[in-house]
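Single-letter residue listing:
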Amino acid sequence: MTKSTVLTLVGSLRAESTNQKLAEAIQLNAPEQVDVVIHESLGNIPFYNEDIDVEGQVPAAAAALRAAAEEADTVLLVTPEHNGTVPAALKNAIDWLSRPFGAGALAGKPTAVVGTAFGQYGGVWAQDEARKAAGIAGARILEDVKLAVPGSMVRFAEVHPKDDAEVVEQIKGIFHTLAAAAPAA
């Protein structure tokens, strides 16, 4: 059986990000047949600009992101909530993956959105915005994958998400939908 690859993009750039920790917990709890790859620092990708999105001139960080998305079977966006919406770094990654329009690396790609935030709803507004942006970019949104962990700063102050039994159980649940959505190898 071939492994399926889940490219994971974390919207927070903060070193001690609870969303980075959530992505790590997801990676640690992946079934044996799933390889969760956390893409390194979206902060190195310049803001999308059509003037630099020209063959032979695409910045290396953006080209690497596109290549990783094209190689992945599914994409998982892990987002905090910044002022009620998706962080700029994650939105920028979606913008790069949306081009060329209709044929970008997200076109038809099964994509799910999860996350954690300080507020009482766990960042659902940001998750909804990320689903919307990725869907417009051409992704096939997996609406059944839901994971919003509220109160992240307090909940994960002394406990990593990988050690939170409730979160781990929810993580395991998302893999059923991700596995069903991955194209047959």
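Here, the structure is the one placed above.
Below is a short write-up of the structure. Predicted model only: the values in this text are computed from it and were never measured.

Focus on the overall build of the protein
Argument step 1. A tally of regular secondary structure across the protein gives 6 helices and 6 strands.
Argument step 2. When the helices and strands of the protein are read in sequence order from the N terminus, they spell out β-α-β-α-β-α-β-α-β-β-α-α.
Argument step 3. Taken over the C-alpha trace, the protein has a radius of gyration of 16 Å; the compact-globule value for 185 residues is 16 Å, and the two agree within 12%.
Argument step 4. Structurally, the protein occupies a C-alpha span of about 45 × 40 × 25 Å along its principal axes.
Argument step 5. Split into buried and exposed, the 185 residues of the protein put 49% on the buried side.
Argument step 6. Partitioning the contacts of the protein with sequence separation of at least 6, the portion at a separation of at least 24 is 78%.
Argument step 7. Roughly 9200 Å² of accessible area belongs to the protein as shown, and the carbon and sulfur atoms make up 52% of that amount.
Argument step 8. With 14 positive and 23 negative side-chain charges, the protein shows a separation of 3 Å between the mean positions of the two kinds.

Overview of helix 3 (residues 88–97)
Argument step 1. Of all 10 residues making up helix 3, 7 are buried, and the element is well covered by its neighbours.
Argument step 2. When we look at burial in helix 3, the residues that qualify are Ala89, Leu90, Asn92, Ala93, Ile94, Trp96 and Leu97.
Argument step 3. Buried residues in helix 3 make contact with strand 1 (4–10), helix 2 (60–71), strand 3 (74–78) and helix 4 (124–136).

Describing the environment of Glu81
Argument step 1. Tracing the chain through its elements places Glu81 in the loop between strand 3 and helix 3.
Argument step 2. Given a relative accessible area of 27%, Glu81 falls into the partly exposed group.
Argument step 3. The spatial distance from the C-alpha of Glu81 to the C-alpha of Phe118 is 8.3 Å, given a sequence separation of 37 residues.
Argument step 4. With sequence-adjacent residues up to four places away left out, Glu81 is seen in contact with Ala117, Gly123, Val124, Trp125 and Ala126.
Argument step 5. Reaching out from Glu81, the side chain makes a polar contact with the backbone nitrogen of Trp125 at a distance of 3.1 Å.

So, the side chain of Thr8
Argument step 1. Positionally, Thr8 belongs in strand 1.
Argument step 2. Apart from the residues within four sequence positions on either side, Thr8 is in contact with Ala23, Val36, Val37, Ile38, His39, Leu76 and Val78.

Some remarks on unusual backbone geometry
Argument step 1. For the bond running from Arg99 to Pro100, omega is -5 degrees, close enough to zero to count as cis.
Argument step 2. Assignment of secondary structure puts Pro100 in the loop between helix 3 and strand 4 (110–116).
Argument step 3. Even without being glycine, Asn83 reaches a positive phi, approximately 50 degrees.
Argument step 4. Here Asn83 shows up in the loop between strand 3 and helix 3.

Some remarks on the nonpolar core
Argument step 1. Counting residues in hydrophobic clusters, the biggest one holds 27 residues, and the most contacted among them are Leu9, Leu42, Leu65, Leu77 and Leu106.
Argument step 2. Contributing elements (two or more residues each) for this core: strand 1, helix 2, strand 3, helix 3 and helix 4.
Argument step 3. Looking at this core, the element that brings in the most residues is helix 3, giving 6 residues.
Argument step 4. Setting aside chain neighbours within four positions, we find Leu9 in contact with His39, Leu42, Leu65, Val75, Leu76, Leu77, Val78, Leu90, Ala93 and Leu97.
Argument step 5. One finds Ala25, Val36, Val78 and Val167 within the second-largest nonpolar core, a separate group that totals 25 residues.

So, the packing of helix 2 against helix 3
Argument step 1. Where helix 2 meets helix 3, the closest approach of the two axes is 10 Å, and the angle between their N-to-C directions is 70 degrees. Of the possible angle classes, the one that applies to helix 2 and helix 3 is roughly perpendicular. Seen from helix 2, the contacting residues are Ala62, Leu65, Arg66 and Ala69; seen from helix 3, they are Ala93, Trp96 and Leu97.
Argument step 2. Of the residues belonging to the contact of helix 2 with helix 3, the class tally is 6 nonpolar, no polar and 1 charged.

Parameters at a glance
Residues numbered from 1 in each chain as written. Predicted model: local features only at pLDDT ≥ 70, side-chain atom pairs only at ≥ 80, totals over all residues. Heavy atoms only, no water. Helix = DSSP H or I, 4+ residues; strand = E, 2+ residues; numbered from the N terminus. Rg over C-alpha atoms; globule rule 2.2 N^0.38 Å. Buried < 20%, exposed > 50% of the residue type's maximum accessible area, 1.4 Å probe, protein only. Contact = heavy atoms within 4.5 Å. Areas by Shrake-Rupley, 256 points an atom, 1.4 Å probe, with all protein chains shown as cover. Lys, Arg positive; Asp, Glu negative; His and termini not counted. Charge placed at Lys NZ, Arg CZ, Asp CG, Glu CD. Polar contact = N/O pair within 3.5 Å; in protein donor to acceptor, adjacent residues only side chain to side chain. Core = buried A, V, L, I, M, F, W, Y, C linked by side-chain atoms within 4.5 Å. Axes fitted to C-alpha atoms, helices over the stretch in contact; angles between N-to-C directions. Parallel < 35°, antiparallel > 145°, perpendicular 65-115°, else oblique. Nonpolar A, V, L, I, M, F, W, Y, C, P; charged D, E, K, R; others polar.

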